[in-house]
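# Results of the structural survey
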Amino acid sequence: MFMPLRTEDTEDPLKSYPFMNLWVYVTWLVHKQGRPSMIIWTATPHQREIIEKYSQAIHEVAMDLGRKMAESLGVKEVDDLLKGWTCQYRLIKYNFTPETVGKLGAFSHSDSGFLTILQYDEEVGGLEVLDESSGAFLPVNAMAAGPSLLVNLGDIAKAWSNGRFCNMKHRVVCKEASIRVSIAMFVLGPNEGSIEAPTELVDNEHPQLYIPFTYQDYFNNRLSKDLRNDPAEYKKLREACEEWGCFRLLNHRIPLSLIADMKNVMRTLLDLPMEIKRSNKAEIPGSGFILPGVISSIYEGLGVHDLGSSQAVQEFCSKLDVPPNHRDIIDKYGQVVQDLAMDLGRKLVESIGLEYCDFF
Ligand SMILES: O=C(O)CCC(=O)C(=O)O
Ligand SMILES: [Fe+2]
C-alpha cells in the first residue's frame, strides 16, 4: 500500500521498482546545501520546472521555519539553523482499495529528521497524529481550517532542542477506496558535523539529554534502534516466544479509559436478547454470533471478522443495531489494537535479528 521512493536509488528506479506507475517516480529530487540537485528520470522540461519551483519554495519555507524555531527558544548562537542540511523529497502514493479500508498505509512513527513539511491529500483523508495525553489518534484533515501544509517535528528536533521540542507520532489509515497522494519534504540533518544541543539549552535544570551524533549514524541505526537501546527487552521477548509462546504486555499505551469503554460496550452487546444476537450471522467461520453449544454449552461469542477494518466493524454493528457512540468505541479500540499488533509483529521480527519489512 505504501510505496515511497528513496534517495539512495541513484540509478534508474524502474529497475528497483518495476511495478510502479511512471508518474510516481518522475518527481524525485534531493536538496543539498540548499541548492536543488535533481534526480529526475522521465519528467518533461515543464514538469521539471514545476518541481524545481515547488522545491525551492518549500525549501525557503523550511529555512525560515528553522530560523524562527531557534529564535523561539532564545538560541542566538546559531544563525541559520537548517542551512545546508539535507532535504529529501518524497512523492507518496497509497493504493487504497475496498479491502484495505481500516488498514494502515503507514504505521505509527515519528520522522527521523528535524522537520517535515507535508502536503497531505486534502481530498482523501487518513493522516492521523497521536495525542500523547489521551493516546488517541486525531485525524488531520478534520482539523484543517483551509488548505494548509502540515509541519511535524522529528527525532532530530527533539535531540537538538535538548528535549524541548517533541517528535510527533503519526500514521496513515485507509479511510476509503481511493488513491491517496502526498508530498513530503523532510529536512533530515546537517551534511557535515554532529547534532548537539546549543549551550543556551543546556543548564543545571536541563542537563544534556543526548551525546552529539551525526544524522547518518542515527539514521543507519534507527531501524534497529529498539534492539540497540533495549537488548534486554528483546531478549525477554524472544525467550518468551521460544519457550512459552505467550507473554504479558505492560505499558501497552492503549488508554485505560478506552479499554473500560470497550468492556462496557461488549457487555451490553452480550447481554442483548438471544434473538438479536442470533441475527448477527456471518459467512466467515469464527465471526458473528457463536451459539451456546457450538464450542461448549456455556460458551457464546460475538466475533468481528476484521477488527482493524472500519467497514467490518460497521457491518458487525449494523446487525446488532449498535448506537453510534458505541460504534465509535469499537472502531477506536480496533484501530489501537491493530496498531499494537503491527508493532508487536515488527518487534518479533527484530527480536530474532531480522530487519523489519512491511509484510504484516
Ligand atoms: O502520506 C502522508 O500523509 C504521511 C507520510 C509520512 O508520514 C512519511 O512518509 O513519513
Ligand atoms: Fe512521517
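Fair warning: this is a prediction, and the values are worked out from it, not measured in the lab.

Definitions and limits used
- Residues numbered from 1 in each chain as written.
- Chains lettered and ligands numbered in written order.
- Predicted model: local features only at pLDDT ≥ 70, side-chain atom pairs only at ≥ 80, totals over all residues.
- Heavy atoms only, no water.
- Buried < 20%, exposed > 50% of the residue type's maximum accessible area, 1.4 Å probe, protein only.
- Helix = DSSP H or I, 4+ residues; strand = E, 2+ residues; numbered from the N terminus.
- Pairing = 2+ DSSP bridges.
- Patch = residues over 30% accessible without salt bridge, like charges linked within 9 Å, V, L, I, M, F, W, Y side chains within 5 Å.
- Areas by Shrake-Rupley, 256 points an atom, 1.4 Å probe, with all protein chains shown as cover.
- Salt bridge = Lys/Arg side-chain N within 4 Å of Asp/Glu carboxyl O.
- Near = heavy atom within 4 Å.
- Polar contact = N/O pair within 3.5 Å; in protein donor to acceptor, adjacent residues only side chain to side chain.
- Nonpolar A, V, L, I, M, F, W, Y, C, P; charged D, E, K, R; others polar.
- Axes fitted to C-alpha atoms, helices over the stretch in contact; angles between N-to-C directions.
- Contact = heavy atoms within 4.5 Å.
- Parallel < 35°, antiparallel > 145°, perpendicular 65-115°, else oblique.
- Left-handed = near helix turned anticlockwise from the far one by under 90°.
- Donors = N, O, S within 2.8 Å, 3.2 Å for Na, K, Ca; no water.

Next up on the list: the pairing of strand β6 (residues 127-131). A large share of β6 lies buried, amounting to four of its five residues. Of the strand pairs in this sheet, β6 and strand β9 (residues 170-173) are connected by three bridges, and their pairing is antiparallel. Of the residues in β9, the one forming a bridge with Val129 is His170. Across four bridges, the pairing between β6 and strand β7 (residues 136-139) is antiparallel. Residue pairing for β7: Val129 is matched across the bridge by Leu138. Counting the residues that bridge the hairpin from β6 to β7 gives four residues, and of these Gly135 lies at a positive phi of roughly 80 degrees.

Turning next to a nonpolar patch on the surface. There is a patch of nonpolar side chains on the surface, built from Phe247, Leu249 and Leu348 and spanning about 220 Å² of accessible area. The exposure class of Phe247 is partly exposed, given its relative accessible area of 36%.

A few words on the site of ligand 1. Around ligand 1 there are 13 residues in total, and Tyr94, His109, His170, Arg180 and Ser182 lie nearest to it. Side-chain polar atom of Asp111 to an oxygen atom of ligand 1: 3.1 Å apart, as the coordinates give it. Interatomic distance of 3.0 Å between a side-chain N/O atom of His170 and an oxygen atom of ligand 1. Protein coverage of the free-state accessible area of ligand 1, which is 300 Å², stands at 96%. Those elements that provide at least two residues to the shell around ligand 1 are β3 (85-95), β9 and β10 (179-190). Here the shell around ligand 1 is composed, by residue class, of seven nonpolar, three polar and three charged.

This next bit is on the sheet that holds β7. In spatial order, the strands read β4-β9-β6-β7; together these four strands make up an open sheet with antiparallel pairing. Of all the strands in the sheet, just β4 (104-109) and β7 have a single pairing partner and so form its edges. Adjacent strand axes in the sheet meet at a mean angle of 30 degrees, parallel and antiparallel pairs treated alike. When β4 meets β9, the two strands line up antiparallel, connected through three bridges. Bridge pairing in β9 places Leu104 opposite Val173. With respect to the sheet, helix α12 (residues 324-351) is in contact with β4, β7 and β9, its orientation differing from that of β4 by roughly 75 degrees.

Okay, the pairing of strand β5 (residues 115-119) next. Of all five residues making up β5, four are buried, and the element is well covered by its neighbours. One ladder, built from five bridges, connects β5 with β10; its direction is antiparallel. By the bridge assignment for β10, Gln119 is matched with Ile183.

Here Lys235 is to be found in helix α8 (residues 231-243). C-alpha of Lys235 to C-alpha of Ile352: the two residues are 117 residues apart in sequence and 8.8 Å apart in space.

To continue, consider the packing of helix α9 (residues 256-270) against α12. Between α9 and α12, the shortest axis-to-axis distance is 9 Å and the interhelical angle comes to 125 degrees. As summarised for this structure, α9 and α12 are arranged oblique, according to the angle between their axes. Handedness of the α9/α12 crossing: left-handed. Residues Leu258, Ile259, Asp261, Met262, Val265, Met266, Thr268 and Leu269 of α9 pack against His326, Ile329, Ile330, Lys332, Tyr333 and Val336 of α12.

For the iron ion (ligand 2), the full set of protein donor atoms is His109 (NE2), Asp111 (OD) and His170 (NE2), at a range of 2.1 to 2.2 Å. Within one chain, the residues donating to the iron ion (ligand 2) are spaced in sequence as H-x1-D-x58-H. Using a relative accessible area of 8% as the deciding quantity, one classes Asp111 as buried.

Time to look at the packing of helix α11 (residues 310-320) against α12. Two elements in contact, α11 and α12, have axes whose closest approach is 10 Å; the angle formed by their N-to-C orientations is 145 degrees. Between α11 and α12 lies a crossing whose hand is right-handed. Taking contact as the criterion, the partners of Ser310, Val313, Gln314, Cys317 and Ser318 in α11 are, on α12, Arg327, Ile330, Asp331 and Gln335. Residues that form the contact of α11 with α12 fall into these classes: three nonpolar, four polar and two charged.

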